[in-house]
Amino acid sequence: MKRSACLIFNPVAGQGDSDQDLAMIRAILEPEIDLDIQLTTEDSCTDDLARQAIERGVDLIIASGGDGTLSETATAVVGTDVPFGIISRGTANAFAHALGIPDTVDAACKVILQGVTRTVDVAYCNGHPMVLLAGIGFEADAVERADREAKNRFGILAYILAGVQELRAMENFDVEIETEDKIIKATAAAVTVANAAPSTSILAQGPAGIIVDDGLLDLTIVAPANRASAIAAAFHLFQTASTGNAAERNDIGYLRAKQFKIKTDPPQKVVVDGEILGTTPVEIHCVPAGLKIFVPSVEEEKLPEKLEGLPNLIVEEKEKENG
Ligand SMILES: Nc1ncnc2c1ncn2[C@@H]1O[C@H](COP(=O)(O)OP(=O)(O)OP(=O)(O)O)[C@@H](O)[C@H]1O
């Protein structure tokens, strides 16, 4: 019997041709999966569409759109044991990048068909499910500035432009961070708590590598003294993300914990998985193994290899051993 899935599809996400994207998704998935296609509208509650489908007993939930659609759908799937498929068609595609899922429609569909799942941690921020990260201060303002119209016109540039604008108006705030075993007070320009993060979320990159199934959250504090230091700190974080070495500057701090209570003076905006959630204070705690997602099978990853050009080269493929 075919598996059943609810496909939640945002027809206005990203800059691609959504009719063509939907046709491709149907062509790849429908031979093996019965699709109940739900198109989102400007005012539809995407999470409710997913919740109702789960109540109807669908085998999987698939979301296709930008990070907004994916994060709203994820809130309904968290804690349900229903596997979640991601077909990313947005601007930044942070979900796909953070979770190691391809960001092209056909490759993402193939991952779902392969059926390999992985259980990852999630978190709750003031009771709201969070798969990626919470940004307090700087990042929150940058997200608010990258509006729909700008994203349509400039794509990923909209986020960068918004970030640069924000950098000019950077203001520090006092922060108190309480974990399960300590209280930290400092001055900061941005505080980011990540469960998972793509390397482009540079403000989350204090620690070397964020692990999505370790039962812990990674907090990064960025506290540059002036605009020049802010740019240098941003560049340093960009490097930590690309090299895998932890940050070493004095104006960057990081720690891991199961939970964080964060207060700021003055109150700061909070963005969770790309959407403005409200303002500080926040309480964020990790829920180990809270979400089951489709991921590429390990065999699919091409191991680095270069043999061409060796003298007298012969390569024979062996038959695959069982197990
Ligand atoms: N049919 C629709 N018409 C207009 N707006 C819609 C429609 N469906 C969803 N939306 C709006 O799209 C927003 C979510 O967009 P989403 O994040 O999926 O795409 P995006 O903005 O292109 O991606 P990214 O966040 O990566 O830039 C929601 O705010 C929702 O109100």
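Because the structure is a prediction, the values reported are computed rather than measured.

Engineer: Sorry if this is basic, but what is going on with the overall build of the chain here?
Structural biologist: From N to C terminus, the chain includes nine helices and 16 strands. Relative to its full complement of 323 residues, the chain shows a buried share of 48%. Taking contacts inside the chain between residues at least 6 apart in sequence as the whole, the part at least 24 apart equals 71%. Just so you have it, the chain exposes about 16500 Å², and 50% of that area is on carbon and sulfur atoms.

Engineer: I'm lost on the UniProt feature "domain: DAGKc" (unreviewed entry) in the chain in this one. Help?
Structural biologist: Within this numbering scheme, the UniProt entry marks residues 1–129 as carrying the feature "domain: DAGKc" (unreviewed entry). End-to-end, the C-alpha atoms of residues 1–129 are 33 Å apart, and along that stretch the chain is 39% helix and 28% strand.

Engineer: Can you walk me through the site of the ligand in this structure?
Structural biologist: Residues in close proximity to the ligand total 19 residues, the closest being Gly14, Glu42, Gly68, Thr69 and Thr91. Contact distances for the ligand include 2.7 Å between an oxygen atom and a backbone N or O atom of Gly14. Measuring from an oxygen atom of the ligand, one finds a side-chain N or O atom of Thr69 at 2.4 Å. Against a free-state accessible area of 640 Å², the protein chains account for coverage of 78% of the ligand. Contributing elements (two or more residues each) for the shell around the ligand: helix 3 (67–77) and helix 7 (148–154). When residues in the shell around the ligand are grouped by element, the largest group, three residues, is from helix 3. The two domains that each donate at least three residues to the shell around the ligand are domain 1 (3–115) and domain 2 (129–287).

Engineer: Sorry if this is basic, but what is going on with the side chain of Thr179 here?
Structural biologist: Within the secondary structure, Thr179 is located in the loop between strand 8 (173–178) and strand 9 (183–188). Its relative accessible area of 6% is what places Thr179 among the buried residues. At 3.0 Å, the side chain of Thr179 and the backbone nitrogen of Asp181 are in polar contact.

Engineer: Teacher, can you tell me more about the packing of helix 2 (residues 46–56) against helix 3 here?
Structural biologist: Helix-helix packing: each pair is described by the crossing angle between the helix axes and the interaxial distance. Two elements in contact, helix 2 and helix 3, have axes whose closest approach is 8 Å; the angle formed by their N-to-C orientations is 40°. Here helix 2 is positioned oblique relative to helix 3, judged by the angle of their axes. As for the relative orientation of helix 2 and helix 3, their crossing is right-handed in sense. Across from Thr46, Asp47, Ala50, Arg51 and Ile54 in helix 2, the residues of helix 3 making contact are Thr69, Glu72, Thr73, Thr75, Ala76 and Val77.

Engineer: So what exactly am I meant to see when it comes to the nonpolar core here?
Structural biologist: Where a protein is soluble and globular, its nonpolar side chains tend to be buried together. Grouped together as the largest cluster of nonpolar side chains are 36 residues, with contacts concentrated most on Ile61, Phe84, Leu99 and Leu291. For this core, the elements supplying multiple residues, two or more each, are strand 1 (3–9), helix 2, strand 3 (60–65), helix 3, strand 4 (84–88), helix 4 (94–99), strand 5 (117–125) and strand 16 (282–294). The biggest single contributor to this core is helix 4, with five residues. Both domains that meet at this core, namely domain 1 (3–115) and domain 2 (129–287), each give it at least three residues. Apart from the residues lying within four places of it in its own chain, the contact partners of Leu99 are Ile86, Val131, Ala196, Val212, Ile293 and Val295.

Engineer: Got a minute to help me understand the state of the cysteines in this structure?
Structural biologist: Disulfides are covalent bonds that link the sulfur atoms of two cysteine residues. Applying the stated criterion across every chain, the model contains zero disulfides. You can see Cys125 has no disulfide; the closest cysteine sulfur is in Cys286, sitting 13 Å from it. Under the relative-accessibility criterion, Cys125 is labelled buried at 0%.

Engineer: Would you take a moment to explain unusual backbone geometry for this structure?
Structural biologist: Glycine aside, residues mostly have negative phi angles, and peptide bonds mostly take the trans form. At the junction of Asp265 and Pro266, the peptide bond is cis and its omega measures out at 0° in the coordinates. Looking at where Pro266 falls in the secondary structure, it is placed in the loop between strand 13 (259–265) and strand 14 (269–272). Unlike most non-glycine residues, Asn93 shows phi in positive territory, near 50°. The residue Asn93 is located in the loop between strand 4 and helix 4 in this model. Within the chain, Asp273 stands out as a residue other than glycine whose phi angle is a positive 50°. Among the structural elements, Asp273 can be located in the loop between strand 14 and strand 15 (275–279).

Engineer: Can you walk me through the confidence of the model for the chain in this structure?
Structural biologist: Taken residue by residue, the chain gives an average pLDDT of 86. The fraction at 70 or more is 87%. Interface confidence for the predicted complex, given as ipTM, is 0.95, next to a pTM of 0.82.

Engineer: Sorry if this is basic, but what is going on with the domain arrangement of the chain here?
Structural biologist: Note on interface size: it is often stated as the accessible area lost on association of the parts. Entries for the chain in the domain assignment read domain 1 (3–115) and domain 2 (129–287). Each side of the interface is counted separately: domain 1 has 15 residues, and domain 2 has 15 residues. Buried surface at the junction of domain 1 and domain 2, summed over both partners, amounts to about 1200 Å²; 73% is from carbon and sulfur atoms. Connecting domain 1 to domain 2 are zero salt bridges. The interface formed by domain 1 and domain 2 includes zero residue pairs in polar contact (both at pLDDT 80 or more). For the side of domain 1 that touches domain 2, the elements supplying multiple residues, two or more each, are helix 3 and helix 4. Ranked by residue count, the leading element in the side of domain 1 that touches domain 2 is helix 4, at five residues. Split by residue class, the side of domain 1 that touches domain 2 holds eight nonpolar, seven polar and no charged.

How each quantity is defined
- Residues numbered from 1 in each chain as written.
- Predicted model: local features only at pLDDT ≥ 70, side-chain atom pairs only at ≥ 80, totals over all residues.
- Heavy atoms only, no water.
- Helix = DSSP H or I, 4+ residues; strand = E, 2+ residues; numbered from the N terminus.
- Buried < 20%, exposed > 50% of the residue type's maximum accessible area, 1.4 Å probe, protein only.
- Contact = heavy atoms within 4.5 Å.
- Areas by Shrake-Rupley, 256 points an atom, 1.4 Å probe, with all protein chains shown as cover.
- UniProt positions renumbered as here; feature names shortened; annotations may be inferred.
- Near = heavy atom within 4 Å.
- Polar contact = N/O pair within 3.5 Å; in protein donor to acceptor, adjacent residues only side chain to side chain.
- Domains from an automatic or database assignment.
- Axes fitted to C-alpha atoms, helices over the stretch in contact; angles between N-to-C directions.
- Parallel < 35°, antiparallel > 145°, perpendicular 65-115°, else oblique.
- Left-handed = near helix turned anticlockwise from the far one by under 90°.
- Core = buried A, V, L, I, M, F, W, Y, C linked by side-chain atoms within 4.5 Å.
- Disulfide = S-S within 2.5 Å.
- pLDDT = per-residue confidence, 0-100.
- Buried area = accessible area lost by both parts, 1.4 Å probe.
- Salt bridge = Lys/Arg side-chain N within 4 Å of Asp/Glu carboxyl O.
- Nonpolar A, V, L, I, M, F, W, Y, C, P; charged D, E, K, R; others polar.

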